[in-house]
Amino acid sequence: MKLDPAVVKLLSLDPEHTTVSSAGGGGCSSAFTSKITEKGSDGKERCFFMKTGSGKEARIMFEGEHASLNAIHTAVPTLCPKSFGWGSFTSSSGTSFLVTDFLTLTSRRSSTSSAASLASKLAKLHTTPAPIPDGYDKPQFGFPCTTCCGDTPQDNSFKSSWAEFYAENRLRFILRRAEAANGKDGELHDLVEKTASKVVPRLLADDHLNGGKGVVPVVVHGDLWSGNAGVGVFGTDAGKGEPEEVVYDSSACYAHSEFELGIMKMFGGFGAGFLKEYHQLVPKAEPVGEYEDRVALYELYHHLNHYALFGGGYRSGAASIMKGLVRKYGSS
């Protein structure tokens, strides 16, 4: 495979000493992946990971993933690959690309590793306040660009209220996507509306969380299930660096830190020990007694997103969560 001039320019590569080979894992249904290797005159190699895809959807996805990875990398550099850039091929303007650090995935890190644990890295991410967006005087909930959770491009328009962002930009937004994909569903529509209008303000209002102090926006990965986490060595072949616990294929936004835990609960794979270590560093928001219900509310979004993407049984999981929450908080 010949490397496109746009990528050569972005990475300042020597095409005569650069090879491109296939790589596994794309993070979405339509991305192709490659490993770029440049061998220098000193014999040392520089390795990069490239995703390519065609059409508007790929362009949106790669722009969002570039911004997501670098928002996470800025806060915790060893938590995820760095993105070097995204754009369109010179040879084919309809083909988009994203180039990041190459990550050689390995087995779990050894017990003697000096690298920080995933729980501690995630805790650092979730205790680093979001930057203040241009044109605002304080951090906002949202993100500067669209990010994709799976193949769903999300509405990340900024809002100062976390409850409003979650109700509008996540629940009502994904309901519209689900209805467009699967048809109108009166019961599901009513459940989402009751959840957004009654349960969300009851559980997530700024004057309710943390004794009226609300929550501070922080970067979340946004799609953190066990398939998007692992152990790897950056930028070189395995064995030539310190293995790090890492995440990838991110769908970031500035959110309540506990939002991250919804999809982690939905698919599991992290365990009680992980959460114990994490919550020693990131205490549960007050009221602690409502923590499980908040996590269920955050898990709901991912059931609805999977229903919008795949249909089928994800509807029943979403409906079950909402019926329980509406029953408990819907009359508040």
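Anything mentioned here points back to the structure above.
Residues numbered from 1 in each chain as written. Predicted model: local features only at pLDDT ≥ 70, side-chain atom pairs only at ≥ 80, totals over all residues. Heavy atoms only, no water.

**Side note on the nonpolar core**
Moving on, step 1. Ranked by internal contacts, the top residues of the largest apolar core, which has 72 residues, are Trp162, Tyr166, Leu171, Leu204, Phe259, Leu297 and Leu304.
Moving on, step 2. In contact with Leu297, other than residues within four places in its own chain, are Tyr166, Leu171, Thr195, Val199, Val200, Leu203, Leu204 and Leu325.
Moving on, step 3. Counting residues in each nonpolar core, the second largest holds 13 residues, with Val8, Leu13, Met50 and Phe89 among its members. (Core = buried A, V, L, I, M, F, W, Y, C linked by side-chain atoms within 4.5 Å. Buried < 20%, exposed > 50% of the residue type's maximum accessible area, 1.4 Å probe, protein only. Contact = heavy atoms within 4.5 Å.)

**Regarding the sheet that holds strand β2 (residues 32-39)**
Moving on, step 1. Taken in spatial order, the five strands of this open sheet run β1-β2-β3-β5-β4, and their pairing is antiparallel. Either end of the sheet is taken by a strand with one partner, and the two such strands are β1 (18-22) and β4 (83-88). The sheet shows a mean angle of 25° between the axes of neighbouring strands, taken without regard to direction.
Moving on, step 2. In the sheet, β4 pairs with strand β5 (residues 95-101) via five bridges, with the strands oriented antiparallel. Bridge assignment links Ser83 to a residue of β5, and that residue is Thr100. (Pairing = 2+ DSSP bridges. Helix = DSSP H or I, 4+ residues; strand = E, 2+ residues; numbered from the N terminus. Axes fitted to C-alpha atoms, helices over the stretch in contact; angles between N-to-C directions.)

**Digging into helix α4 (residues 162-182)**
Moving on, step 1. Across its 21 residues, α4 extends 28 Å between first and last C-alpha, which sits within 8% of the 30 Å expected from 1.5 Å per residue.
Moving on, step 2. With its phi angle positive at about 95°, Gly183 sits one or two positions after the end of α4. (Expected span 1.5 Å × (residues − 1).)

**A short note on the sheet that holds strand β6 (residues 103-105)**
Moving on, step 1. Strand order in this open sheet of three strands is β6-β10-β11, and the pairing throughout is antiparallel. Single-partner strands in this sheet number two, and they are β6 and β11 (244-247). Averaged over all adjacent pairs, the angle separating strand axes in this sheet is 60°, with direction ignored.
Moving on, step 2. Two elements, strand β10 (residues 229-234) and β11, share four bridges in a ladder whose sense is antiparallel. Residue Val231 lies in a different strand from β11, and its bridge partner there is Glu245.

Keep in mind these numbers describe shape, not what the thing actually does.
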